[in-house]
Amino acid sequence: MFRRSRSVLLVVLGVLGVLGVGVLAGCGGDRNDDQASGQPSASVIDPGPVHVHGLGINPSDGALFIATHTGLFRAPKGEQTAVRVAGRYQDTMGFTVVGPDRFLGSGHPDLREKLPPYLGLIRSQDAGQRWRPISLLGKADFHVLEASGRRVVGFGSDFDTRASQLLVSDNGGETWRKRKLPSALMLIDLAISPDDADLILAADERALYRSNDAARSWKRLDGAPGLLGWRADGVYRMTLDGQLSRSTDQGRSWQTIGRVDGAPAAFQAERDALYVALHDGGTVLISNNGGRDWTVRSRPKQTNSSGS
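Everything numeric in this text was worked out from a predicted model, so none of it was measured. (Residues numbered from 1 in each chain as written. Predicted model: local features only at pLDDT ≥ 70, side-chain atom pairs only at ≥ 80, totals over all residues. Heavy atoms only, no water.)

Looking at the element boundaries, Leu187 is found in strand β13 (residues 187-192). Leu187 gets classed as buried once you look at its relative accessible area, which sits at 2%. Residues Leu187 and Ala202, 15 residues apart in the sequence, show an inter-C-alpha distance of 7.0 Å. (Helix = DSSP H or I, 4+ residues; strand = E, 2+ residues; numbered from the N terminus. Buried < 20%, exposed > 50% of the residue type's maximum accessible area, 1.4 Å probe, protein only.)

Enumeration according to the criterion identifies 8 salt bridges in this entry. Measuring nitrogen to oxygen at the nearest pair gives 3.2 Å for the salt bridge that ties Arg151 to Asp198. Of this pair, Arg151 sits in strand β10 (residues 151-158) while Asp198 sits in the loop between β13 and β14 (200-204); the two residues are 47 residues apart in sequence, bridging distant segments of the chain. Taking the shortest distance from any N to any O, the salt bridge between Arg177 and Asp170 comes out at 2.5 Å. Among the residues examined, Asp170 registers a relative accessible area of 35% and is labelled partly exposed. Three or more residues joined by partner-sharing salt bridges are found here, namely Arg151, Asp170, Arg177 and Asp198. (Salt bridge = Lys/Arg side-chain N within 4 Å of Asp/Glu carboxyl O.)

Turning to the side chain of His69, a few remarks are in order. Assignment of secondary structure puts His69 in the loop between β2 (64-68) and β3 (71-75). The class for His69 is buried, based on a relative accessible area of 0%. Of note is the side chain of His69, whose polar atom sits 2.9 Å from the side chain of Asp91. (Polar contact = N/O pair within 3.5 Å; in protein donor to acceptor, adjacent residues only side chain to side chain.)

Whenever strands of a sheet pair, they do so through backbone hydrogen bonds, lying parallel or antiparallel. Ordered in space as β9-β10-β11-β12, the 4 strands form an open sheet in which the pairing is antiparallel. Taken across any chain shown, the strands that pair with only one partner, and hence form the sheet edges, are β9 (140-148) and β12 (177-179). Adjacent strand axes in the sheet meet at a mean angle of 30 degrees when their direction is disregarded. (Pairing = 2+ DSSP bridges. Axes fitted to C-alpha atoms, helices over the stretch in contact; angles between N-to-C directions.)

Further remarks concern the sheet that holds strand β16 (residues 219-221). Taking strand neighbours across the sheet as the criterion, the 4 strands line up as β13-β14-β15-β16 in an open arrangement whose pairing is antiparallel. This sheet does not close on itself; its edge strands, each paired only once, are β13 and β16. The sheet shows a mean angle of 25 degrees between the axes of neighbouring strands, direction not considered. As paired strands, β14 and strand β15 (residues 208-211) are joined by 4 bridges and run antiparallel to one another.

Residues Met238, Leu244, Val260, Phe267, Leu274, Val276 and Trp294 are the most contacted members of the largest nonpolar core, which totals 23 residues. Every residue in contact with Met238, bar those within four places of it in the chain, is listed here: Gly226, Leu227, Gln243, Leu244, Val260, Pro264, Phe267, Val276 and Trp294. (Core = buried A, V, L, I, M, F, W, Y, C linked by side-chain atoms within 4.5 Å. Contact = heavy atoms within 4.5 Å.)

Moving on to the pairing of strand β19 (residues 243-247). Sheet analysis places strand β18 (residues 234-238) next to β19, joined by 4 bridges and oriented antiparallel. By the bridge assignment, Met238 is partnered in β19 with Leu244.

To continue, consider the packing of aromatic side chains. For the structure on display, the rule yields 4 aromatic pairs. Judged by centre distance (4.8 Å) and plane angle (65 degrees), the ring pair of Phe65 and Phe103 falls under edge-to-face. A residue pair is termed long-range when its members are at least 10 positions apart, and Phe65 in strand β2 and Phe103 in strand β6 (residues 102-108) qualify at 38 residues. The exposure class assigned to Phe103 is buried, which follows from its relative accessible area of 0%. Measuring from ring centre to ring centre gives 5.4 Å for Phe95 and Phe103, while their planes differ by 75 degrees; the resulting arrangement is edge-to-face. (Phe/Tyr/Trp six-rings, centres within 6.5 Å; stacked < 30°, edge-to-face > 60°.)

Right, here's the structure in full:
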């Protein structure tokens, strides 16, 4: 998935570069001109969401946020249409909601912005309207980003070496320590226990792993890999073919619950619902009964141009 997402990114950046649209970081983008706001001209076709990387619910209003290669999208509570946030095209590869209107992210900037290609860790305190750098600007690109309290765990690329790395922060992302990777393969997801921030699960495309010491060491687990979400009633895993299961013993065993039709692009376990984004251009499904049944939560707004 990591390699596939990077190839998709190159295609997206190439298309947006030709169109003159780019992926806007929003770090310091307070000007009101069209270029700074990330709005392309009315004649440019808006690509919509391309490859969903993350999902999250804003506690302040219940809105669903969808992080993609081509921007952040928002579907208000009770509404199915997801629309672009602030007209921005920031490539938000890592994304997590940490509080009301408070998001963490990572990825790549708009091609028109004079910013490094790796955004490091960035933060929004106004529900994605504006973003500010916290750390590692120009140094890191997190493709997987998870947080619990002040603990933040990120997996991605180091700009200098182009090597994969796993970093852990205990102060909200201000400073980091490098940790051991559970395998030589790219990680596709991470999950932190809501009860113990030292307890972390990780998945690559072949296996699951558990750490009991904040990613200092890892143990391989039995069972198929998948996208992960951890809430009070257990860990949820959606395998890459759409099968959902739950573990109540920290990933040692799994009970099958149900499935969705299609491969998941992103998965999120919230306190009262489960969410999954599909590889079909931005459809997000919701389950309110622990994954047994699924309905459409949101679809992207269909437009011919940014001005429509």
